[in-house]
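Examination of the molecular architecture
Read off the chains here:
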Amino acid sequence: MTYKRKRTENDIASRSTITKRSRHTELPDLLSPLPNELLIRILTFLPLPDLLNIAPLSRRFYDLFSDSQIWKRLYYERFVLPRALRIPGFRNGSAREGKLHYSSRKAVWADGRKGGWVDMHVGNFEDRSRDWKKQYKLRHNWSKGKCAVEELQLGQEQELSPPETSSPHKILVKISEGIAITADVATGLRAWDLKTKYLLAQISLGQADSEIVPSCITIDDQGIQDQILEIAIGFSDGSFGVWKLDIQQRRILRRYRHEKSTNGELIGVAFSYPYLLTATKSVLISLYTFYRPPSTDRSGIQVPDGETALDSGSETMQDTDDEHILKTSKSKIRNPEPVILRAPYLLTSLKSHTSRAPLALSIRKTAASTVASIAYTFSTLQGWSLGIQDLHLRPSKSKSTPDITATRLAYSLPVRSSPTHMPSPPTSPARHINLSSSSQDEEELDGPINLCYTHPYLLATLPDNTLILYLCTSTATSLSISRGIRLWGHTSGISDAEITARGKAVSVSCRGEEIRVWELEGKAHGKSIEIRPTSKSTVDVEGIDKTPSNDFAAVEWDDRRNWVGFDDEMVIVLKESKGRESLMVYDFT
């Protein structure tokens with residue numbers, strides 16, 4: 001007699017699985033016959049988790065998954081629409097039929113256009129070349145603090161001074177659109193491509209005296225669309241200079257060099273052609289303009305805005321690898337190249353006996369005028385406060401130089417000082433119209449360590465590992481500063497911070513073990529995200545990989561971070577360690 005085996009639960013589950021598989025195979029495939037255009041349209045209605053599950057099904061679905069129309073909708077829904085909802089009046093008609101009207105910079109909207117109606121679901125024909133998947137990934141990595149880090153050795157070895165004193169050969173750094181500009185007395189002015197980690201161009205600063213070192217630097221990126229960057233550098237002897245970087249031709253040209261001044265070392269400079277703003281260590285502010293009325297040179301060529309043209313007998317100066325190459329070019333007669341600038345005109349100087357460092361300079365252009373701003377610190381009875389002075393500039397119809405049409409002044413509420421420090425006597429706010437330094441020792445005063453001002457945001461770093469954010473409101477008739485918002489997050493001393501006009505800020509600790517990203521736009525209380533990099537490699541100036549065997553992200557005791565800067569794709573931190581200076585490149589792409 002044979003006995004039948006009883007069915008177990010596993011047998012029942014297996015039979016059920018086979019039945020489901022056969023049932024699925026019998027059903028007709030309704031998606032494969034559809035053309036790609038219809039499938040993309042269907043996929044645009046799916047959320048991101050479902051899209052991630054569909055991508056591995058086949059090669060076709062993976063290719064459709066990467067289509068820019070899908071990622072454009074995801075990008076705008078996650079990163080653009082929440083910001084647009086904070087715009088007054090947006091809910092009452094700023095959108096129509098699923099379309100969003102926007103107007104802002106490329107750094108914010110990522111598609112290069114300045115305004116218009118954008119379909120939130122289907123991409124327009126003119127922006128199909130934009131890689132929206134890459135843009136989404138970039139913004140997602142920023143929001144999570146995910147990046148890869150590389151160390152770019154600058155090839156300069158020196159004996160570092162103690163932390164409380166500044167190094168005599170300190171390297172200055174600025175970054176714009178993936179280009180890093182470095183300046184120091186030993187290697188001169190250099191431009192680096194941060195994507196390839198190669199040196200683009202180099203030129204000597206022309207300093208015979210090694211004690212005259214660059215002390216401040218700024219970049220004017222108005223011509224970045226034409227692959228042109230203007231660079232202004234201030235020096236320890238009170239002089240300054242202007243250089244031009246041609247990214248496409250990989251060369252740097254010296255445009256102007258100012259003589260030294262008896263007013264002292266320059267600690268701040270802002271440049272937006274044709275205006276240049278400088279600040280000395282004694283907080284003496286000088287505002288210059290390179291603007292000159294159009295004139296006619298000997299060859300009959302009209303020369304605009306203080307630039308010198310080249311006639312058939314003149315020579316153009318091109319600086320390459322510390323040498324001046326004189327090159328005659330008759331083609332310059334037809335299209336004069338603005339190489340050499342004439343001496344600027346001093347519009348005004350500002351001086352007082354109440355303000356003190358740190359300070360921040362800024363020049364911005366509006367539809368009606370150009371605004372030169374000075375953010376500074378001054379002491380009060382309750383502690384210290386921050387002040388901002390705006391100078392509104394407009395070309396004059398009656399004379400050759402621009403007019404200062406208005407001066408606006410605002411100051412923040414006092415912040416209490418540490419009990420161990422006695423603040424200076426209070427002063428009337430009206431006396432801050434002219435700026436200068438106080439006669440007392442700055443080390444005995446409590447206050448911010450650094451200031452960063454990019455309208456409308458004023459950011460101050462404090463000795464207690466926190467930051468204070470102020471919102472500046474400027475109109476045609478008034479200027480005001482909001483109450484400060486204290487930002488918490490750092491667990492060690494903050495070395496430097498930088499903020500953009502969109503409210504994104506990056507701060508770095510003194511030892512570099514902590515870097516935080518802040519999204520401050522439209523938020524009453526700022527929250528930060530810690531950057532968590534994964535090490536890649538160390539590259540020196542010759543392009544040789546020098547990755548250490550131990551963990552690259554480990555911070556040694558003698559490491560110091562003195563500066564931080566960032567653009568849309570990466571964060572750059574200047575590192576000093578064992579007599580060498582290098583750039584830490586945190587890439588979010």
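Shown above is the structure to which this text applies.
The residue count restarts for each chain, going from 1 along the sequence in the order it is written. Totals for whole chains, interfaces and linings use every residue, but because this is a predicted model, local features are given only for residues with pLDDT of at least 70 and side-chain atom pairs only at 80 or more, for both listing and counting. Calculation of side-chain values draws on the structure's entire complement of heavy atoms; hydrogens and water are dropped beforehand.

**Things to note about the sheet that holds strand E20 (residues 345-350)**
Spatial ordering of the open sheet is given by E13-E14-E15-E20, a layout of 4 strands whose pairing is antiparallel. Looking at strand neighbours, the two that pair on one side only are strand E13 (266-272) and E20, the edges of this open sheet. Recorded for the sheet is a direction-independent mean angle of 15° between the axes of neighbouring strands. Here, any two strands with at least 2 DSSP bridges between them count as paired. The secondary structure listing takes helices from DSSP runs of H or I that are at least 4 residues long and strands from runs of E that are at least 2 residues long, numbered from the N terminus. Axis definition: a line fitted to C-alpha atoms, over the contacting stretch in the case of helices. Angles run 0 to 180 degrees between N-to-C directions.

**Comments concerning helix H2 (residues 36-43)**
Along an α-helix, residues three or four positions apart point the same way, because every turn accommodates 3.6 residues. Here H2 has its buried residues at Leu39, Ile40 and Leu43. The arc enclosing the buried residues of H2, seen along the axis, measures out at 100°, which places them on a common side. In this fold, the buried residues of H2 make contact with helix H3 (48-54), helix H4 (59-65) and helix H5 (68-84). Residue burial is assigned from relative accessible area. The probe radius is 1.4 Å, only protein chains are included, and a residue is buried under 20% of its type maximum, exposed over 50%, and partly exposed in between. The directions from the helix axis to the C-beta atoms are what the arc is built from. The contact criterion used is simple: two residues touch if any of their non-hydrogen atoms lie within 4.5 Å.

**What about the nonpolar core?**
Only buried residues count toward a nonpolar core, which is a set of Ala, Val, Leu, Ile, Met, Phe, Trp, Tyr and Cys residues joined through side-chain atoms within 4.5 Å. Core analysis: the largest hydrophobic core is formed by 22 residues, its most contacted members being Ile181, Leu189, Ile233, Trp243 and Leu245. Those elements that place two or more of their residues in this core are strand E6 (179-184), strand E7 (188-193), strand E8 (198-203), strand E9 (214-220), strand E10 (228-235) and strand E11 (240-246). Every residue in contact with Leu189, bar those within four places of it in the chain, is listed here: Ile181, Thr182, Ala183, Ala201, Gln202, Ile203, Leu205, Ile231, Ile233, Trp243 and Ile252.

**Points about H5**
Bend angle per residue: angle between axes fitted to the 7 residues ending at that residue and the 7 residues starting there. By the largest-angle criterion, Glu77 marks the main kink of H5, which is about 40°. Burial within H5 is extensive, with 13 of its 17 residues counted as buried.

**Notes on unusual backbone geometry**
Cis geometry marks the peptide bond from Tyr273 to Pro274, where omega comes out at 10°. With respect to the secondary-structure elements, Pro274 resides in the loop between E13 and strand E14 (275-280). With omega at 5°, the peptide bond leading from Ala357 into Pro358 counts as cis. Despite not being glycine, Glu177 has its phi angle at roughly 50°, a positive value.

**Regarding the pairing of strand E37 (residues 570-577)**
Burial runs high along E37: 8 of the 8 residues are buried. Between the antiparallel neighbours strand E36 (residues 560-566) and E37 lie 3 residues. The pairing of E37 with strand E38 (residues 580-587) spans 8 bridges and is classified as antiparallel. Its bridge partner being in E38, Ile572 is matched across the sheet by Val585.

**Things to note about the sheet that holds strand E32 (residues 504-509)**
Within a sheet, adjacent strands bond to each other through the backbone by hydrogen bonds, running parallel or antiparallel. Sheet architecture is open: 4 strands sit in the order E31-E32-E33-E34, paired in antiparallel fashion. Taken across any chain shown, the strands that pair with only one partner, and hence form the sheet edges, are strand E31 (494-499) and strand E34 (528-530). Between one strand axis and the next, the sheet turns by 20° as a mean value, whatever way the strands run.

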